[in-house]
Amino acid sequence: MNKASIINELQEIISYGKRERDKILNSSENINFSLYEKVTAFEEDKVRKSEHSTDNWQNKIFYADNIKVMEFLLKNGYKGKIDLIYIDPPFFSETNYNRRIILNDGEKDIFIKHFAYEDRWRKGIKNYLEELTVKLYLMRDLLSSKGSIYVHLDWHIVHYIKVLMDEIFGRENFVNEIIWSYKSGGVGKRHFSKKHDTILFYSKTKNYIFNVQKEKSYNRELKPYRFKGVKEFKDDIGWYTYVNTKDVWNIDMIGRTSKERVGYDTQKPRKLLERIILSSTDENSIVADFFAGSGTTGVVAEKLKRKWIMSDLGATSIAVMKERLIEERANRFNLYRIPHEEDDSIDFKIKIKKRCPWDFFNECLEIEIEDYEIKDISKLPVNRKYWLKIKDILEKDSFEFVEYIAVDTDYKGAFFSFKQEHYRTYGNKRGSFNKNILLKLEKNLKKRNIAVQLIDVFGNEKIKIINL
Ligand SMILES: C[S@@+](CC[C@H](N)C(=O)[O-])C[C@H]1O[C@@H](n2cnc3c(N)ncnc32)[C@H](O)[C@@H]1O
């Protein structure tokens, strides 16, 4: 047997996947996810919420390994409840991925890459396939009878996953192999330039949701056909008709100058997710992405008024997706994680500057954030080549590293309720940061705790409490 060949191992990988899935579902262990943050920043959106929701649904972000998240969901009533799962897992690319941030050193902008996630498999391809197989079985259990799954991969591993998915979902439930074709930097000199990803689309049953999408199709020679009963249109390029969308999708990837760009390597375009969500969900559907990265699936699902669940195990990813959703004025969502030790890698102080009248029902409190510090630069998820630059900027203005501050004006202790936010803009341009924060407080409370949460560009998080 060729040692590098995986062909003979596929049957074993499938058996492993089934066995592990059964073990997980039959174990009596109860995973203890707790709500640690509620984002309810936009009061006016409560109106919008009641317009499109008849139940108590809350959109959810889980900060955890997705195997635990799926186990939790399956043991807590979500079996057969999800209409669409999109995943964009590590592609077996044997590379590390980063988030690119812009900092100002007082004179100019500089770029720093910090580690976001690893796609390296020291135990080899079999281990990668085994892990994903268990998860695909769990995803199958989560899908509703009208549900679909889209698995986003590329040439590294898609051929093996296709074989495994035929086994897990049934060959009869294979729907499409979608080719996402794009332009990007880098050309092939000894091969054709690799400019597409592959998305495998399977349904749970034959009764799956599918809403046909239309796309432009330019006429041959760009001239009108004038066929009877066919509507034709003309734009700057030429004459076209609308046809049912084909399985090769030409969608721009997130380029350096793209407005969507949040600096997270492997961020996928909204347009891609829009097409998938519109095709495979209805208004009341739940959409899940268990490898959520920068949160594109949730951001698009939110815009399309779908219910959503996302998970990721990276602090950077969670910080980026949360900020992105808030910047998009996402409706209420909750964050969950398994109870953990408090993060001690950063610190800051709060100074109360003044209390003052606001209006008849409210008073104001002005606070100032002081002395933000990173305790140990060598523990940051960055290459040591950046240490000097970071030290230099920390000395000049440590607040350059603060991504945002959120305030819970009535902190009860169990979870942080995100009510007011103060952040700078992400992406290609970096906004300024105001350390003085004016809070509006209802007068009727005699005693209250205010919690101030600071998140830095590396995803480090710290909460400080003020007792009034
Ligand atoms: C290719 S990225 C997803 C990018 C995403 N589609 C977007 O538009 O930003 C893969 C993500 O999977 C996450 N990931 C890898 N293994 C995971 C696991 N076991 N549980 C949860 N997330 C995981 C990584 O942290 C990374 O953010």
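Residues numbered from 1 in each chain as written. Predicted model: local features only at pLDDT ≥ 70, side-chain atom pairs only at ≥ 80, totals over all residues. Heavy atoms only, no water.

- Taking an unreviewed UniProt entry as the reference, the chain is identified by name as Site-specific DNA-methyltransferase belonging to Acidilutibacter cellobiosedens.
- Recorded under Sequence similarities (unreviewed entry), the UniProt text for the chain is reproduced unchanged: "Belongs to the N(4)/N(6)-methyltransferase family." (UniProt positions renumbered as here; feature names shortened; annotations may be inferred.)

## Re the site of the ligand
Phase 1: What surrounds the ligand is a group of 19 residues, the closest being Asp88, Tyr264, Ser294, Thr296 and Asp312.
Phase 2: Interatomic distance of 2.9 Å between a backbone N/O atom of Asn66 and a nitrogen atom of the ligand.
Phase 3: One nitrogen or oxygen atom from the side chain of Ser294 is found 2.6 Å from an oxygen atom belonging to the ligand.
Phase 4: Look at the ligand: alone it shows 610 Å² of surface, and the protein chains cover 95% of it.
Phase 5: Partitioning the shell around the ligand into residue classes produces eight nonpolar, six polar and five charged. (Near = heavy atom within 4 Å. Polar contact = N/O pair within 3.5 Å; in protein donor to acceptor, adjacent residues only side chain to side chain. Areas by Shrake-Rupley, 256 points an atom, 1.4 Å probe, with all protein chains shown as cover. Nonpolar A, V, L, I, M, F, W, Y, C, P; charged D, E, K, R; others polar.)

## A word on the nonpolar core
Phase 1: Ranked by internal contacts, the top residues of the largest apolar core, which has 51 residues, are Ile85, Leu136, Ile149, Ile161 and Phe290.
Phase 2: Of all the elements, helix α4 (residues 124-142) adds the most residues to this core, at nine residues.
Phase 3: Apart from the residues lying within four places of it in its own chain, the contact partners of Ile161 are Tyr128, Leu129, Leu132, Leu136, Val151, Leu153 and Leu200.
Phase 4: Counting residues in each nonpolar core, the second largest holds 41 residues, with Val299, Ala301, Ile326 and Phe333 among its members. (Core = buried A, V, L, I, M, F, W, Y, C linked by side-chain atoms within 4.5 Å. Buried < 20%, exposed > 50% of the residue type's maximum accessible area, 1.4 Å probe, protein only. Helix = DSSP H or I, 4+ residues; strand = E, 2+ residues; numbered from the N terminus. Contact = heavy atoms within 4.5 Å.)

## Considering the pattern of salt bridges
Between side chains of opposite charge, pairing is possible as soon as their charged atoms come close.
Phase 1: By the definition in use, this model includes 32 salt bridges.
Phase 2: Lys223 is the partner of Glu221 in a salt bridge, and the nearest nitrogen-oxygen pair spans 3.0 Å.
Phase 3: Assessed through its relative accessible area of 64%, Glu221 is described here as exposed.
Phase 4: We note a salt bridge from Lys464 to Asp347, for which the minimum N-O separation is 2.9 Å. One end of the pair, Lys464, is in strand β23 (residues 461-467); the other, Asp347, is in strand β16 (residues 346-357), and 117 residues separate them in sequence.
Phase 5: With a relative accessible area of 24%, Lys464 lands in the partly exposed category.
Phase 6: Sharing partners across several salt bridges, the network here consists of Glu9, Glu12, Lys126 and Glu130. (Salt bridge = Lys/Arg side-chain N within 4 Å of Asp/Glu carboxyl O.)

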